[in-house]
Amino acid sequence: MNTELTKGFVDFIDDNRLQSLIHDTKEDPAVYREILKKSLSKQPLTVEETAALLAVESPEGLNEIFETARELKRSVYGNRIVLFAPLYIGNYCTNDCQYCGFRRSLRTTVRHTLSDEELVKEVKSLEDEGHKRLILVYGEHAKYTPEFIAHTVKLTYGTKSGNGEIRRVNINAAPLDIEGYKTVKAAGIGTFQVFQETYHKETYAKYHPHNTQKSNYLWRLNAMDRAFEGGIDDMGIGALFGLYDWRFEVLGLVSHAIHLQKTYGVGPHTISFPRIQPANGLDLNLPYAVSDKDFKKLVAILRLAVPYTGLIMTARESKAIRDEVMEFGVSQIDAGTKLEIGGYNKEREGVEQSIEEEQFQVGDTRSLDEVIRWLLTRDYIPSFCTACYRVGRTGEHFMEFAIPGFIKRFCTRNALLTLAEYLEDYSSDLTKEEGYKLIDRELAKMPEGDEKKSLMERLGKIRNDGTRDILY
Ligand code: SAM
Ligand code: SF4
C-alpha cells in the first residue's frame, strides 16, 4: 500500500465491530418492530439498528420488513422510476480486479477507447432511443485523466440529435484526487460514483492484487471525501455483492452513508448494489454469491436504513428479479443497456455484439421501449426528469423530501412531462397507448386546481405544438 496516499485518511470501517454485530445480534420482534416504526418516520437507521434487521430470519419478520420497505418507498418516492443508460468510454485498465472482464491480465479482452467521432455516434444512438440521462464509465488508466473525462462529458452534452439531448451526465470512474474532481465538476457532471467493491479489508486485498493502483483500500474508501472537497456533493457509493458476506457489505454501506452525512452534512445521493455477473475469462468460485432471496432482503433493508438515498438496480439483474425487487425501494434503473465499447451504434447498424469487449454479461437485455412499457403496465411512471439540477434547485435531493408537497409539485409533474416527450418522439405505438393511459390515470388522481390545469396545458403543448423541455 502506498502510505503517501493514505496519510491523513479516515478509516470509518471497523471490521471487528461489524463482524460482531452480524454474529451477536439475534432476531427480536420487539426490537425490530420499533426499528421499522423509526424507518417509517423517515429517520435513517444506525449501524446497530441495521444489524438488528439483518438478523431477522423468520418468515413473518421478513414479511414485515418487505411490507415496511414497500410502504416507505411509496411515501418517499411515489411511483416514479428514473431511467438512464451506461455508456462505456474505454476499457483500458491497469488494475487486475479478479472479477472484472477489463482486468489487465486478461489478454483476450479487446481494448478500445471511443474516439470523439465514435462518442458522438454513441450519444446520438442513445438520444435516438429516447435517453436523457447517461452514466459514462471508464477503466482505470493513464489515458483517462480528469481532463479527458471532462472532455468526454462536454462532448456528450454538446451532442444533439433531432429533439434529443443528454441532460445529465454521471460518472463511474477510478477515484480521483481533489484537483481531478474539480476538473470534472467544472464540466457539469451530476453524480460521481465509486464503488468500494468490498468493505472487508482482507477480502479487498484478495481481489485487488497489491501491485495495482486499486489495491489501496483507504484511497478508495475516501474517494467521496475528496470528491466533496473538490466541490462534488452528489456522491454515489456501492458494493459489489458476492465477494464477501452480504450482511457485512450492507453494514459497510450504511457506515459509509453515516460517515458522509456526519462529516459533510450530505449523505450519498445513490447506493448501487451490483451482484457479480459472469464475465469474459471469469472463472470465479464465489463462496459468498448472494441468493435471490437474500438479494431481495438486502434491498429492502437498505431502503429502510437510508430513506433519503436513491437506490440503483442495474441491468446486471434479470427481468424477473427486477420485477420482484423494484417495489422494495429501487428508484433508478438502466434500460436498453449495451456494455460493449461502441455497442449502441453497433446495435443501430445491426452489427453483432462481442463478449470480448464487455465488462460482464447483462441480465436484462430488453430495449428502452420494452422496459418503459413494462413499467407503465406495472403503474410506475418512467421518468427522465433532470429539472432540479438544471434550474439550480441545489441540494435537490434534500428538498425533494424535506419540503412537504415537493414531489407532487415538481417530481410527479416533471416525470409526466418527460414521459410525454418520450411518447411523442420515440415510443412504439403500443407504448404510446399505455403511456397516455398512465398519464390519464395520474391526472385523475390530482385535485382540480391551478397545478393540474398548468400541467394539462404543458402536456398539450408537448403533444400538439412540439414544445420540449418545459419543466417545473
Ligand atoms: N474502473 C473503475 C472502477 O473500477 O472503479 C470504474 C468502472 S468499473 C467498469 C464499474 C464497476 O463495475 C466496478 O466498480 C465493479 O463494481 C463493477 N463490476 C466489475 N466486474 C463486474 C462483474 N463481473 N459483474 C458485475 N459488476 C462488475
Ligand atoms: Fe479496471 Fe474497474 Fe474492471 Fe477493476 S473493476 S479491472 S479497475 S475496469
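Just above, that's the structure.
Here the structure is a predicted model, which is why all the values come from computation and not from measurement. (Residues numbered from 1 in each chain as written. Chains lettered and ligands numbered in written order. Predicted model: local features only at pLDDT ≥ 70, side-chain atom pairs only at ≥ 80, totals over all residues. Heavy atoms only, no water.)

Enquirer: Help me get a handle on the pattern of salt bridges, residues and values and all.
Expert: Enumeration over the complete set of coordinates arrives at 36 salt bridges. The residue Lys38 makes a salt bridge to Glu49 at a minimum N-O spacing of 2.8 Å. Separated by 11 residues along the polypeptide, Lys38 in helix 3 (residues 29-40) and Glu49 in helix 4 (residues 47-54) bring together distant segments of the chain. In this structure Lys38 comes out as partly exposed when scored by relative accessible area, which is 21%. Here Glu165 and Lys160 are joined by a salt bridge, their closest N and O atoms 3.3 Å apart. The exposure class assigned to Glu165 is buried, which follows from its relative accessible area of 17%. Looking at Lys160, the relative accessible area reads 45%, which means it is partly exposed. Through salt bridges with shared partners, one network takes in Lys160, Glu165, Arg167, Arg390, Glu421 and Asp469. (Salt bridge = Lys/Arg side-chain N within 4 Å of Asp/Glu carboxyl O. Helix = DSSP H or I, 4+ residues; strand = E, 2+ residues; numbered from the N terminus. Buried < 20%, exposed > 50% of the residue type's maximum accessible area, 1.4 Å probe, protein only.)

Enquirer: Any chance you could break down the site of ligand 1 for me, citing the residues and the numbers?
Expert: In the vicinity of ligand 1 lie 20 residues, with Tyr99, Glu197, Lys214, Arg220 and Gln359 positioned nearest. Within the backbone of Tyr99, one N or O atom sits 2.8 Å away from a nitrogen atom of ligand 1. A distance of 3.1 Å separates a nitrogen atom of ligand 1 from a polar atom in the backbone of Tyr138. Here ligand 1 loses 97% of its free accessible area of 560 Å² to cover by the protein chains. Split by residue class, the shell around ligand 1 holds 10 nonpolar, 4 polar and 6 charged. (Near = heavy atom within 4 Å. Polar contact = N/O pair within 3.5 Å; in protein donor to acceptor, adjacent residues only side chain to side chain. Areas by Shrake-Rupley, 256 points an atom, 1.4 Å probe, with all protein chains shown as cover. Nonpolar A, V, L, I, M, F, W, Y, C, P; charged D, E, K, R; others polar.)

Enquirer: Tell me about the side chain of Arg303, and name the residues and values.
Expert: By secondary structure assignment, the location of Arg303 is in helix 13 (residues 292-305). Of note is the side chain of Arg303, whose polar atom sits 2.8 Å from the backbone oxygen of Val306. With residues near it in sequence (within four places) discarded, Arg303 still touches Ala69, Leu72, Lys73, Tyr77, Tyr308, Thr309, Leu311, Phe328 and Gly329. (Contact = heavy atoms within 4.5 Å.)

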